[in-house]
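Commentary on secondary and tertiary structure
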Amino acid sequence: MENIIPETSRCKPVKLFKKSSFIDMYEGLQSLRNDEIFCDIKLETDDNKIITAHKVVLSAACPYFHAMFTNFAERNHDLVEMRHIDYTALLLLVNFIYSGQILITEENVQDILPAADLLQFQGVKEACCDFLQSQLCPTNCIGINYLADLHSCTKLITSSEVYIHQHFSEVVGCKEFLSLSSEQVVKLISSDRLPVSSEEKVFESVIRWVKYDLSSRNSILPQLMEHVRLPLTSKDFILKYVLTEPLIKNCLKCYQYVFEALNTLKSKELVPQIIQNTPRHGERGILVVGGIYSGLSNSLEWYDPTMNHWYIGPQIITNRERPGLAVIKDNLVFYVGGYDVSPLRSVFVLDLSSESPCWQPSVNMLVERDYVRVGVINDNIYAVGGYNHTDGYLNSAEVYYYNTQEWHMISNMPIVRIFFAVGILNDLLYVVGGYNQSRQALDTVECYNPSIDMWSPVANMCVCRSGAGVGVLYGELYAVGGDNGSDLLSSVEKYSPTTGVWTTIADISFPRKNADVVALDGLLYIVGGVTQTPDFESVECYNPNTNTWAMVTATMNVERFLPRSVAINRPRHLTTC
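So, a few notes on the structure that sits alongside this text. Here the structure is a predicted model, which is why all the values come from computation and not from measurement. (Residues numbered from 1 in each chain as written. Predicted model: local features only at pLDDT ≥ 70, side-chain atom pairs only at ≥ 80, totals over all residues. Heavy atoms only, no water.)

Reading across the sheet, the four strands line up as 17-18-19-20 and stay open at both edges, with antiparallel pairing between neighbours. The open sheet terminates on both sides in strands that have one partner only, identified here as strand 17 (421-425) and strand 20 (454-458). The mean inter-strand angle of the sheet, taken between neighbouring strand axes irrespective of direction, is 25°. Looking at chain direction, strand 17 and strand 18 (residues 428-432) are connected through five bridges and run antiparallel. (Pairing = 2+ DSSP bridges. Helix = DSSP H or I, 4+ residues; strand = E, 2+ residues; numbered from the N terminus. Axes fitted to C-alpha atoms, helices over the stretch in contact; angles between N-to-C directions.)

Structure, rendered in structure tokens:
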């Protein structure tokens, strides 16, 4: 037949996409199965119940069935025994193949998860894990953790372990705790990440666990008591509750632990730091405030390295930029100064241990400070430098005494610095780099000693750095990135107070300035900042053991070019924000 469309007026091909075609296909296949038309396979479960289906459909949708019906003897069978799979779970999964839908409930999730794991329904397995994670509570978290471990659900294993740690006091009061093995109890109570309000709770949980099955568990008590940090309790508690406990009185090894604890409490300052008198710190995270590229910001988010996830937190009361950020006792976050319509003296505090964390006004500084940098020494906050309309760029500094809730002026920095960074090392405050008043990048570093209220110079950095990030890790001060007055820097160097020398280490992945740096769990994180590409939400971390930087796969929720960040205890009441 002659082409009725002239070549000169040819159009692009038209592609028809029928939105309902998939639904029609699902319904058609399900109808064929229900009527047992073209069905060529029967699946029989342990209770002798039968599910009919089509080999080609099962094979197309499920790797397990594809392997079964192409590589094994079952390809020639019309009846296959499905051992150790719940009938209802298998029926739901087969229906899922034919309909694209499955309903996961409290009643069926424990049956669907093992079946989905065995039959390699990865999407359904992940949906089960997400459902179980949403159901975590003190009464079921141990059971969910066991189920996750049984089926290699990595994310759920981690999230349930974190939940057990975070809710330890409630978990040990529930029945599931009593079913743990001795190895599991040891793993739990020996963890540094256990954020217990008092070590007394750990002791009480051990005694309760042992008494639940005294005949078989009494011999394990010394092994458990080794991990109870009795020196972190009080003398009164030990005398009143520990020594009077019959299980302790009848165990010579446990008695030894008790007297070692009493001796430690008696001469605490003379005792070396060992595991029995080392406070637990709980799960840790990074809290980041401000630095939004578009201007003023009251936003907050925090990073959970265990889950590799960023969570949104409660907003600061007022929009502002360029504040200082400090944390006291791992839970009290202070938001200091900054800029709104003008430089500010105001300070806000966020108590992360509260059940309903929200920012509250605190005591104002003595001086208005925009671009202020802060550091904490012995629970006292030092606010250094900054800018205000009256005095211009500042070399003044002040300190907030947490115990008295008062600000006092301290000695001025020797020179005025702009865009410098601050680090605390060995109870000394270091100011690093920045610009001078002539806008020249500095390589100089000064150190403030609060015990004598005096500043003194230390060794110059290898290069001039303004807008560098500064962090402290394993007794050394790190200066990361910045600019030298003309170029962004990717170079990094560290200062050792024992040698008094700066040395160069591995570069960050790409140049950046005005980022913030924070140390957490033996790693150094650099957060946000200005880069050569629009990548202000990126984060990377440094491992000192390998001298390497790596990008953190989870990026912040928003771009932050001048953020402030601190390490915090994991805020248990913010994880789902």
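Moving on, we get to the pattern of salt bridges. Following the criterion strictly, the structure yields 19 salt bridges and no others. In this structure, Asp330 and Arg284 form a salt bridge, with 3.0 Å as the shortest nitrogen-oxygen distance. Residue Asp330 is found in the loop between strand 7 (324-328) and strand 8 (332-336), and its partner Arg284 is found in strand 4 (residues 284-289); the two are separated by 46 residues along the sequence. A residue is classified by how much of its surface remains accessible, and Asp330, at 29% relative accessible area, is partly exposed. The exposure class of Arg284 is buried, given its relative accessible area of 15%. Between Glu540 and Arg512 there is a salt bridge whose closest N-O contact spans 3.1 Å. Pair noted here: Glu540 is in strand 29 (residues 539-543) and Arg512 is in strand 25 (residues 512-513), with a separation of 28 residues, a long-range link. Note on Arg512: relative accessible area 1%, which makes it buried. Put simply, Asp46, Glu81 and Arg83 are held in one network by salt bridges that share partners. (Salt bridge = Lys/Arg side-chain N within 4 Å of Asp/Glu carboxyl O. Buried < 20%, exposed > 50% of the residue type's maximum accessible area, 1.4 Å probe, protein only.)

Our next topic: helix 11 (residues 182-189). Residues spaced three or four apart along an α-helix point in a common direction, a consequence of the helix completing one turn every 3.6 residues. Every buried residue belonging to helix 11 is among Ser182, Val185, Val186, Leu188 and Ile189, and all of these are buried. The arc that holds every buried residue of helix 11, seen down its axis, measures 165°, which confines them to one face. Opposite its buried face, helix 11 presents the exposed residues Glu183 and Lys187, each directed more than 90 degrees away. On its buried side, helix 11 packs onto helix 8 (154-166), helix 9 (168-171), helix 10 (175-178), helix 12 (200-212) and helix 14 (221-225). (Arc of directions from axis to C-beta. Contact = heavy atoms within 4.5 Å.)

Quick look at the nonpolar core now. If you look at the biggest cluster of nonpolar residues, it comprises 79 residues, and the most contacted ones within it are Leu43, Leu58 and Met225. Counting residues in each nonpolar core, the second largest holds 17 residues, with Leu287, Val333, Tyr335 and Val566 among its members. (Core = buried A, V, L, I, M, F, W, Y, C linked by side-chain atoms within 4.5 Å.)

Attention shifts here to the pairing of strand 1 (residues 41-45). Along strand 1, four of the five residues are buried, which leaves the element largely enclosed by surrounding structure. With antiparallel pairing between neighbouring strands as the criterion, strand 1 and strand 2 (residues 50-53) make up a hairpin whose turn holds four residues, including Asn48 at a positive phi of roughly 65°. Pairing geometry for strand 1 and strand 3 (residues 79-82), over four bridges, is parallel. Looking at strand 3, one finds that Glu44 is bridged to Glu81.

Here we come to the sheet that holds strand 30 (residues 548-551). Read across the sheet, four strands follow the order 26-27-29-30 without closing on themselves; strand pairing throughout is antiparallel. At either margin of the open sheet sits one strand with a lone partner, and together these are strand 26 (516-520) and strand 30. For this sheet, the mean inter-axis angle between neighbouring strands, taken without regard to orientation, is 25°. Alignment of strand 26 against strand 27 (residues 523-527), held across five bridges, turns out to be antiparallel. Across the sheet, the residue bridging to Val518 is Tyr525, located in strand 27.

For the structure on display, the rule yields 21 aromatic pairs. With a centroid separation of 5.9 Å and an interplanar angle of 90°, the aromatic rings of Phe203 and Phe237 are classed as edge-to-face. Of this pair, Phe203 sits in helix 12 while Phe237 sits in helix 15 (residues 235-242), and the two are 34 residues apart along the sequence. With respect to burial, Phe203 and Phe237 carry one shared label: buried. Among the aromatic residues, those joined into a ring-pair cluster are Tyr64, Phe65 and Phe69. One residue, Arg217, lies across the ring of Trp209, its end atom 3.9 Å from the ring centre. (Phe/Tyr/Trp six-rings, centres within 6.5 Å; stacked < 30°, edge-to-face > 60°. Lys NZ or Arg CZ within 6 Å of the ring centre and 35° of its normal.)

Moving on, we get to the environment of Val363. Its location among the elements puts Val363 in the loop between strand 10 (359-361) and strand 11 (373-377). Given the relative accessible area of 30%, Val363 is considered partly exposed. Along the chain, Val363 and Val374 lie eleven residues apart, while their C-alpha atoms are 15 Å from each other. With near-sequence residues (within four places) excluded, Val363 lies in contact with Val347, Tyr400, Gln405 and Trp407.

What follows is about the environment of Pro279. Position of Pro279 among the secondary structure elements: in the loop between helix 17 (252-266) and strand 4. For Pro279, a relative accessible area of 49% translates into the label partly exposed. For the pair Pro279 and Val196, spaced 83 residues apart in sequence, the C-alpha to C-alpha distance is 9.6 Å.

Running from N to C, helix 6 (residues 122-134) and helix 8 point in directions that differ by 10°, and their axes come no closer than 9 Å. Between helix 6 and helix 8, the crossing angle belongs to the class labelled roughly parallel. Along its contact with helix 6, which presents Cys129, Asp130, Leu132 and Gln133, the element helix 8 presents Lys155, Leu156 and Ser159. Among the residues forming the contact of helix 6 with helix 8, the class breakdown is three nonpolar, two polar and two charged. (Parallel < 35°, antiparallel > 145°, perpendicular 65-115°, else oblique. Nonpolar A, V, L, I, M, F, W, Y, C, P; charged D, E, K, R; others polar.)

Burial analysis of strand 11 places four of its five residues in the buried class, which makes it a mostly covered element. In this structure, strand 11 lies alongside strand 12 (residues 380-384), joined through five bridges in antiparallel fashion. Paired with Gly375 across the strands is Tyr382, a residue of strand 12. What sits between the antiparallel neighbours strand 11 and strand 12 is a turn of two residues, in which Asn378 has the positive phi angle 50°.

Attention now goes to the side chain of Asn514. Within the secondary structure, Asn514 is located in the loop between strand 25 and strand 26. Accessibility expressed as a relative area gives 14% for Asn514, which makes it buried. In this view, Asn514 contacts Gly467, Gly529, Val530, Phe561, Leu562 and Pro563; residues no more than four positions away in its chain are not counted.

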